[in-house]
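Observations on chain architecture
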Amino acid sequence: MEVINIKGTDDTPNVILDKDSGQFEISGRSLPEDVNQFYEQILDWIDEYAKDPNDRTEFNFKLEYFNTASSKIILDILLKFEEIVEDGKEVVIKWHYEEDEEDMLEAGEEYSDIVEIPFDYLPYVDED
Amino acid sequence: MEKEKHNFLEFAYQLYKTMKTNEISLVYEGEVTQEITKTFTALTEKNLSKSAESNTVQKKVFNVMVECLQNISKHADGLSEDDEDRRGIVMVSKGDDTYKIITGNIIKNERVEGLQETLELINSLDKKGLSDLFKQQIREASLSEKGGAGLGLIDIAKKTGSKLSYQFKELNEQVSFFILTSTIRRN
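Quick look at the structure, then. All of these numbers come straight from a predicted model, not from anything done at the bench.

1. Some thoughts on the overall build of chain B
- Looking only at helices and strands, chain B has six helices and five strands in total.
- Counting from the amino terminus, helix and strand elements in chain B follow one another as α-β-α-α-β-β-α-α-α-β-β.
- Taken over C-alpha atoms, the radius of gyration comes to 18 Å for chain B, in line with the 16 Å a tight globule of 187 residues would show.
- Expressed as lengths along the three principal axes of its C-alpha atoms, the size of chain B is roughly 60 × 45 × 30 Å.
- Going through the 187 residues of chain B one by one, you find that 44% of them count as buried.
- Contacts in chain B between residues at least 24 apart in sequence constitute 68% of all its contacts with a sequence separation of at least 6.
- Element-wise, carbon and sulfur atoms account for 53% of the exposed surface of chain B, whose accessible area totals about 10700 Å².
- Distance between charge centres in chain B, computed from 27 positive and 29 negative side chains, equals 9 Å.

Right, dumping it as structure tokens:
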């Protein structure tokens, strides 16, 4: 499968989707107003991946900021992985949050209430 | 002519004084686009990072600004039917205990009641209730393109932990001016 590797900007995240190396990551900032335009190719890629997924997928979310428009798309992504779980494959969501950032931790916990996928919560310390 | 010039000078000075006394760091009236949102949030982020404000408060101010501005750029109405600009006013002020983000925009009178109900519902809920409402709305938004109205407002209420303060001023038979004040505690 093709590899998606998008470099982040002020208002869009870094995205790496690589089936062969098993790297799945969305990180940085996701604040676009038109989320559909940015995420369309990502959702399409995941649909393709879902047809023949790896036995185990670790998906990393390491977001600094995301707007509510993005929060809806993140749920769309998680729902696609929930289907992969239903098909008998293993999926783990690695939800990274900056230490003490309760809001980001809670956002992860809310998603895990909605979708049937195991979540790992991983605090990190900001470098600067 | 001379008098007019003097009035503008006086206005500029009064504005400066008012801004200083009330610690208003940003005032804007005009079109609100994604570019404007990016500029203002970047500016505010830069100012905050120079201050001694905690990381958590900085992030909350940034997040709330994004939601307030994107609410205007997505939902504001024009003064008349053929006015399609999404305009609004934006103010950010820093007090001893709080940051306030104040936004104002035109809204059609027919939408006032619905928005008011959403705001009252949000203000009636505690932290847990807001989280439940958010989860319900985001699920509905995910299923239909139309759903999820008020996600931004719920998010603001959740992140600030404060009630949304708002006012509607009827301008004429068609439209009103909607003012929303979001308050972020500094400690």
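The structure having been displayed, the exposition proceeds.
2. Side note on the interface of chain A and chain B
- Opposite the 27 residues of chain A that make contact, chain B presents 29 residues.
- Counting each side, the surface lost to burial between chain A and chain B is near 2500 Å², with a carbon and sulfur contribution of 46%.
- It is E33(A), Y65(A) and T68(A) in chain A that bury the most area against chain B; as a group they hold 26% of the surface buried on that side.
- For the pair chain A and chain B, the interface holds seven salt bridges.
- Seen at the junction of chain A and chain B, the total is 14 residue pairs in polar contact (both at pLDDT 80 or more).
- Counting residues per element, the ones that place at least two in the side of chain A that touches chain B are β4 (56-66), α2 (68-86) and α3 (102-114) of chain A.
- The element that contributes the greatest number of residues to the side of chain A that touches chain B is α2(A), accounting for seven residues.
- Class assignment for the residues of the side of chain A that touches chain B results in nine nonpolar, four polar and 14 charged.

3. Examining the packing of aromatic side chains
All names here are of chain A.
- All told, the structure shown has 17 aromatic pairs over all chains when counted by the stated rule.
- Measuring from ring centre to ring centre gives 5.4 Å for W45 and Y49, while their planes differ by 10°; the resulting arrangement is stacked. Here W45 pairs with Y49, and both are found in helix α1 (residues 35-51), just four residues apart, close to one helical turn. Each member of the pair, W45 as well as Y49, carries the same accessibility label: buried.
- Measuring from centroid to centroid gives 6.4 Å for F66 and W95, while their planes differ by 85°, and the two rings are edge-to-face. Taken together, the residues span a long stretch of sequence, with F66 in strand β4 and W95 in strand β5 (residues 90-98) at a distance of 29 residues. Note on accessibility: F66 and W95 belong to one class, buried.

4. Let's talk about the pairing of strand β6 (residues 119-124) of chain A
Residue and element names in this part refer to chain A.
- Alignment of β5 against β6, held across six bridges, turns out to be parallel. Along β6, the bridge assignment pairs I93 with F119.
- Read as a crossover between parallel neighbours, the route from β5 over α3 to β6 is right-handed.

5. Overview of α2(A)
- Helix length check: α2(A), at 19 residues, gives a terminal C-alpha distance of 27 Å against a target of 27 Å (1.5 Å per residue), a fit within 8%.
- Taking burial as the measure, the 19 residues of α2(A) include 14 buried ones, the bulk of the element.

6. Some remarks on the sheet that holds strand β1 (residues 24-31) of chain B
Residue and element names in this part refer to chain B.
- Taken in spatial order, the five strands of this open sheet run β1-β2-β3-β5-β4, and their pairing is antiparallel. Two strands in the sheet have a free side with no partner beyond their single neighbour: β1 and β4 (165-170). Strand-to-strand twist across the sheet, computed as the mean angle between neighbouring axes with direction ignored, equals 10°.
- Here strand β3 (residues 98-108) pairs with strand β5 (residues 175-185) via 11 bridges, running antiparallel. Bridge pairing links N105 to F178 in β5.
- Contacts from helix α2 (residues 34-50) reach β1 and β3, with the element oriented near 175° to β1.

Calculation rules
- Residues numbered from 1 in each chain as written.
- Chains lettered and ligands numbered in written order.
- Predicted model: local features only at pLDDT ≥ 70, side-chain atom pairs only at ≥ 80, totals over all residues.
- Heavy atoms only, no water.
- Helix = DSSP H or I, 4+ residues; strand = E, 2+ residues; numbered from the N terminus.
- Rg over C-alpha atoms; globule rule 2.2 N^0.38 Å.
- Buried < 20%, exposed > 50% of the residue type's maximum accessible area, 1.4 Å probe, protein only.
- Contact = heavy atoms within 4.5 Å.
- Areas by Shrake-Rupley, 256 points an atom, 1.4 Å probe, with all protein chains shown as cover.
- Lys, Arg positive; Asp, Glu negative; His and termini not counted.
- Charge placed at Lys NZ, Arg CZ, Asp CG, Glu CD.
- Buried area = accessible area lost by both parts, 1.4 Å probe.
- Salt bridge = Lys/Arg side-chain N within 4 Å of Asp/Glu carboxyl O.
- Polar contact = N/O pair within 3.5 Å; in protein donor to acceptor, adjacent residues only side chain to side chain.
- Nonpolar A, V, L, I, M, F, W, Y, C, P; charged D, E, K, R; others polar.
- Phe/Tyr/Trp six-rings, centres within 6.5 Å; stacked < 30°, edge-to-face > 60°.
- Pairing = 2+ DSSP bridges.
- Right-handed = clockwise from strand over helix to strand, strands pointing away.
- Expected span 1.5 Å × (residues − 1).
- Axes fitted to C-alpha atoms, helices over the stretch in contact; angles between N-to-C directions.

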